[in-house]
Amino acid sequence: MFGELKTLLKKHIREYGMYIALVIIMLIFSFLTDGLFLSARNISNLFNQMGYIAVLAVGMTLVIVIRHIDLSVGFGSGFLGAIAAILMMQHNMPVLPTILIVFALGIIFGLINGFFISFIGLPSFVMTLAGMLIFRGGLLVATQKTGTIIISNDTFNEIGNGYIPDFFHNENIHVTTLLIGIIIILFYIYFEIKRRNNKIKYNFEVLSIPIFILKILLISSIVGYLFWILASYNGLSWTFVIVLIVTFIYHIMTTKTALGRHIYAVGGNPEAAKLSGISLNKITLFVFGSMGLLTALSGILYASRFQSATPTAGTLFELDAIAAAYVGGVSAAGGVGKVTNSIVGALVMASLINGMNLIGVGISFQYIIRGAVLIAAVVFDIKTRSKAS
Amino acid sequence: MVNATLFQVRVIFLSEYILEMKNITKEFPGVKALDNVNFKVKRGEIHCLIGENGSGKSTLMKVLSGFHKHGTYDGQIIFEGKEQKFNTIYDSEKVGIVTIYQELALIPELTVYENIFLGHEIKNKGIIDWNKTITEAEKVLKKLGYTLDTSKKVKDFGVGVQQIIEIAKALSKNVKLLILDEPTSALNETDSEKLLQIIKDLKNHGITSILISHKLNEVLEVADTITVLRDGLTITTIENNNISENVIIKHMVGREINDIYPKRDHEIGDKLFEVKNWKAFDKKNERYVVKSANFYVRRGEIVGIAGLIGAGRTELAHSIFGNPDDYKVSGELYFEGKKVQFKSPSDAIKSGIAYVSEDRKGNGLILDFDIKTNITIANLKKILKGIFVNENEEVIIAEDYRKSLKIKSHSIEQKVLNLSGGNQQKVSLAKWLFVTPKLLILDEPTRGIDVGAKHEIYSIMNELVAEGMSIIMISSELPEVLGMSDRIYVMAGGKIIGELSNKEATQEKIMAMAVEY
Ligand SMILES: Nc1ncnc2c1ncn2[C@@H]1O[C@H](COP(=O)(O)OP(=O)(O)OP(=O)(O)O)[C@@H](O)[C@H]1O
Ligand SMILES: [Mg+2]
């Protein structure tokens, strides 16, 4: 059993490496802060902090998978957040139409990027660099008259700060959160077993029973513990729920649908994809369109969390998202990268920032340390990749 | 007293063998690619290494060259009497072992002389001495009997000359043992002849060569010794005197193959596809890649398109198959009697045309995908359940093809990157059979494929046409064109210049047409 565990670790070191790093980071900070880091309040906080980067990281993963980059998402997010603020505060628009308009704008901006990159053939670096400048200018124009726009709409602000309601009114524990946690764990176990049985049916390699149970126990208890912590505080935040849903949709889309296959095929070998009847232009448009939509979502999450639109909103978000994707193991060579891993990558980076804030590391050192961690993560990825092949 | 050491004569015992590889075992996850292989090469000989696809030839050479480094395999390498433990390819090059890989390793955008001295530049105090580089490059090429403008970029030359440049690069490294992995698979007969002559000349200059090839006629022509691998085992090592092709085939595949081109007799139907006044203009390079093409295919027919490499056959196929390279095309296409236009490969696929590319690594397969996802990628809609890919069905389909095409792999979840060349070709074929086309265009379908697998592919082609499918086969291997086609078109300089029926066609006639042009 230990032999199998060892070969398993070796074989999947790339994937597990990131989780191990995450655990180590969490333990270190927990130790340095006398347990404050892992407290219910902080963990809950951590998830809310990473929301607007996490959704960008999901979209960015696909962009990088098809061998492009999108630098416009940072200020794009800031600009779209400002649009939302203006619509609500200066034009008295209700929340829902505001959100829908911002989503639509995000998609249109993304499609414009995609159009120039695919049909006209502009390098994505150049196109989205220009987009970044334009959005930055737009953001400044939007906030020129008023400066920071304060958003005083409670429903809207709930998105970035609120928690899902509890239907059970228990004093000490958020029962709905707990129930959702249990349902997720049950689903997880059900699908793992189903997948294993399927593999056995086709004589594929599977984990031996004890290792399999160990894996299920490990993951279930981590998820269980997480939901327990959250339930003992305010429960699930709306931000957390949104990130969860986005991740789930994108995970299913990339792994189970034809569209997902086509995206990875284009990234893996564009020439072969083209000859297989896949339209490169359509895929590029889709991926940038989806990036635009997630940029809008990120803008809304951010504006809502800080209940305002500021002239500097969105600064460096694009780099945080790109860093999260790379920490999560996407490859610039194309065709490789999972959205779930990028989310974990975002979590690693967010934990780092959160932890360093807690122990009072100065902002300048924070940047240096984040840079170093990014290099370390990618070096690890490259080293383990060449070994695996 | 005389010091005894003065009398000690240092005897350098030159063994008969320049290279001995002893008990080499190399495992990849799930496969034993080499199983206790013993391989000995005599000084100054041409040693041919042959075997089926996936038998371990390339792997053995990668072990030798340090590509698979010492410690990742078991066994011993003795070169020039010394045990060698290479960690990188650079280490093996230092002692004089140079490999030319199955895939060319030149940089297309660099000049010929830059390529020849890439990695071992001629320097003077750290600065590259370009004048010396150019003269030296020309000198090496002259040794090979070539005078080229070495300041031209490599991409401006055909594959044949590029292969020569590779050899020049090897020679410039002071090579003692030259390894060539399928050097002629992408060459036409004339260029192959030239290359083989060069290997023979090198032998006269004392350079030992190991040659991997699936072309048995050339093996018999140049080899002094032949080693056969099968399933990672050394089957035999034999001297090349008066052995017949059939004997080697039997060693390779373990059984006899009597008729490599299997017979077929069935009715040929009406016209399925016709191309009229076809032209294609390459906008990037501003030249016509197809100047004029008129041809047709009938149902159940195999039509061969012969010609030299560079005749424009692949470009013709691409321009018809939805024009992915964005040429400016003109002319008419008729499919099942109706005039059609294909705006993209997906239009062509929808109408029932499939194109198996000649360049399986470049634009045929997605190397990072596994076998099953490569097989289904061109026709995913066939296995969709709603918007989801039905993975169970995918597995069943992929397993079917793996069995029927005998794709050698440990599972259908193996990445195609790790398959041997021939097996990659079979995956490519499976991918296009899965779109169940009415017309299958095969571009160099048996390049780099062993005799056994060739025979299998020919048999599959026969089954397909018997079911009514039509096949256009582009091939530079004349025996194959002659052996398999009902009719043959000859292409040269971007034009289809002639048509021959199976009965009237001969190798000489085709060559005469192709070269004369
Ligand atoms: N990096 C790798 N990872 C896993 N398996 C590999 C790897 N490289 C080679 N193999 C496997 O090792 C076996 C031998 O492959 P090899 O490339 O040496 O065959 P070959 O004799 O050169 O075939 P061909 O004539 O088709 O080129 C094959 O089964 C192949 O799938
Ligand atoms: Mg090989």
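Not measured: the values here are computed from a predicted model. (Residues numbered from 1 in each chain as written. Chains lettered and ligands numbered in written order. Predicted model: local features only at pLDDT ≥ 70, side-chain atom pairs only at ≥ 80, totals over all residues. Heavy atoms only, no water.)

Draft legend 1. Spotlight on the overall build of chain B. Across its full length, chain B holds 18 helices and 24 strands. A globule of 517 residues ought to have a C-alpha radius of gyration of about 24 Å, and chain B, at 25 Å, matches this closely. When the backbone C-alpha atoms are referred to their principal axes, chain B occupies close to 105 × 50 × 50 Å. Out of the 517 residues in chain B, the part that is buried amounts to 54%. Within chain B, residue pairs in contact and separated by at least 24 positions form 68% of the contacts whose partners lie at least 6 positions apart. (Helix = DSSP H or I, 4+ residues; strand = E, 2+ residues; numbered from the N terminus. Rg over C-alpha atoms; globule rule 2.2 N^0.38 Å. Buried < 20%, exposed > 50% of the residue type's maximum accessible area, 1.4 Å probe, protein only. Contact = heavy atoms within 4.5 Å.)

Draft legend 2. Highlighting the pairing of strand β18 (residues 353-356) of chain B. All names here are of chain B. The side-chain alternation of β18 yields two buried faces, one formed by Ile353 and Tyr355 and the other by Ala354 and Val356. Two strands pair when backbone bridges link them, and β18 and strand β21 (residues 439-443) are joined in this way by four bridges, in the parallel orientation. Along β21, the bridge assignment pairs Ala354 with Leu440. (Pairing = 2+ DSSP bridges.)

Draft legend 3. Looking closely at the site of ligand 1. Residue and element names in this part refer to chain B. Close to ligand 1 lie 20 residues, the nearest being Lys57, Ser58, Thr59, His214 and Asn418. Between Asn53 and ligand 1, the recorded distance is 2.8 Å, taken from a side-chain N or O atom to an oxygen atom. At 3.0 Å, a backbone N or O of Gly422 approaches an oxygen atom of ligand 1. When ligand 1 sits alone it has 640 Å² of accessible area, and the protein chains cover 90% of it. Those elements that provide at least two residues to the shell around ligand 1 are β2 (31-42), α2 (57-65) and α15 (421-433). For the shell around ligand 1, the element with the highest residue contribution is α2, accounting for three residues. The residue makeup of the shell around ligand 1 includes at least three contributed by each of domain 1 (4-96 + 175-252) and domain 4 (362-436). (Near = heavy atom within 4 Å. Polar contact = N/O pair within 3.5 Å; in protein donor to acceptor, adjacent residues only side chain to side chain. Areas by Shrake-Rupley, 256 points an atom, 1.4 Å probe, with all protein chains shown as cover. Domains from an automatic or database assignment.)

Draft legend 4. Here's a closer look at the packing of helix α3 (residues 40-65) of chain A against helix α9 (residues 209-232) of chain A. Residues and elements named next belong to chain A. For the pair α3 and α9, interaxial distance at closest approach is 8 Å and the crossing angle is 105°. Accordingly, the angle class assigned to the pair α3 and α9 is roughly perpendicular. In this structure, α3 uses Ala40, Ile43, Ser44 and Phe47 to contact α9, whose residues at the interface are Leu226, Ile229, Leu230 and Ser232. Split by residue class, the contact of α3 with α9 holds six nonpolar, two polar and no charged. (Axes fitted to C-alpha atoms, helices over the stretch in contact; angles between N-to-C directions. Parallel < 35°, antiparallel > 145°, perpendicular 65-115°, else oblique. Nonpolar A, V, L, I, M, F, W, Y, C, P; charged D, E, K, R; others polar.)

Draft legend 5. Examining helix α7 (residues 189-204) of chain B more closely. Residues and elements named next belong to chain B. Taking 1.5 Å as the rise per residue, α7 with 16 residues should run 22 Å; its terminal C-alpha atoms sit 23 Å apart, in good agreement. Burial in α7 covers these residues: Ser192, Leu195, Leu196, Ile198, Ile199 and Leu202. For α7, the arc enclosing every buried residue in end-on projection is 155°, short of the 170-degree limit, so these residues lie on one face. Elements in contact with the buried residues of α7: β3 (46-51), α6 (159-171), β9 (177-181), β10 (208-212) and α8 (216-222). Following α7 by one or two positions, Gly206 has its phi on the positive side, about 85°. (Expected span 1.5 Å × (residues − 1). Arc of directions from axis to C-beta.)

Draft legend 6. Spotlight on the environment of Thr147 of chain B. Examined against the element boundaries, Thr147 of chain B turns out to sit in the loop between α5 (130-143) and α6. Residues Thr147 of chain B and Leu419 of chain B, spaced 272 residues apart in sequence, show a C-alpha to C-alpha distance of 38 Å.

Draft legend 7. View of the layout of surface pockets. Looking at the second largest pocket, its volume works out to about 1,400 Å³. In terms of lining, the second largest pocket is formed by 49 residues, of which the most central are Ile278, Ser279 and Leu280 of chain A together with Ser344 and Pro345 of chain B. Of all the elements in the fold, those that place two or more residues in the lining of the second largest pocket are α5 (95-120), α11 (258-268), α12 (270-275) and α13 (280-306) of chain A together with α10 (313-320), β16 (328-335), β17 (338-340) and α11 (345-351) of chain B. The residue makeup of the lining of the second largest pocket, split by class, is 21 nonpolar, 18 polar and 10 charged. (1 Å grid on protein atoms, 1.4 Å probe; cavity = no way out; pocket = protein on both sides within 12 Å on 5 of 7 lines; lining within 4 Å. Points joined across faces, edges and corners; volume = space filled by probe spheres on them.)

Draft legend 8. Geometry of the nonpolar core. Ranked by internal contacts, the top residues of the largest apolar core, which has 179 residues, are Phe273, Leu316 and Leu440 of chain B. Take this core: its biggest share by element is 16 residues, from α3 of chain A. Other than its neighbours up to four places away in sequence, Phe273 of chain B contacts Phe295, Tyr296, Val297, Ile320, Leu333, Tyr334, Phe335, Ile353 and Leu439 of chain B. Judged by nonpolar contacts, the second largest core, of 49 residues, contains Leu144, Ile167, Val175 and Val219 of chain B. (Core = buried A, V, L, I, M, F, W, Y, C linked by side-chain atoms within 4.5 Å.)

Draft legend 9. Seen up close, the sheet that holds β3 of chain B. All names here are of chain B. With respect to topology, six strands assemble into an open sheet ordered β6-β9-β10-β3-β11-β12, the strand pairing being mixed. The open sheet has two edge strands, β6 (97-100) and β12 (233-239), and neither has a second partner. Ignoring which end each strand starts from, the neighbouring axes of this sheet average 15° apart. Summarising the sheet, β9 and β10 pair through five bridges and their orientation is parallel. By the bridge assignment, Leu177 is partnered in β10 with Thr208.

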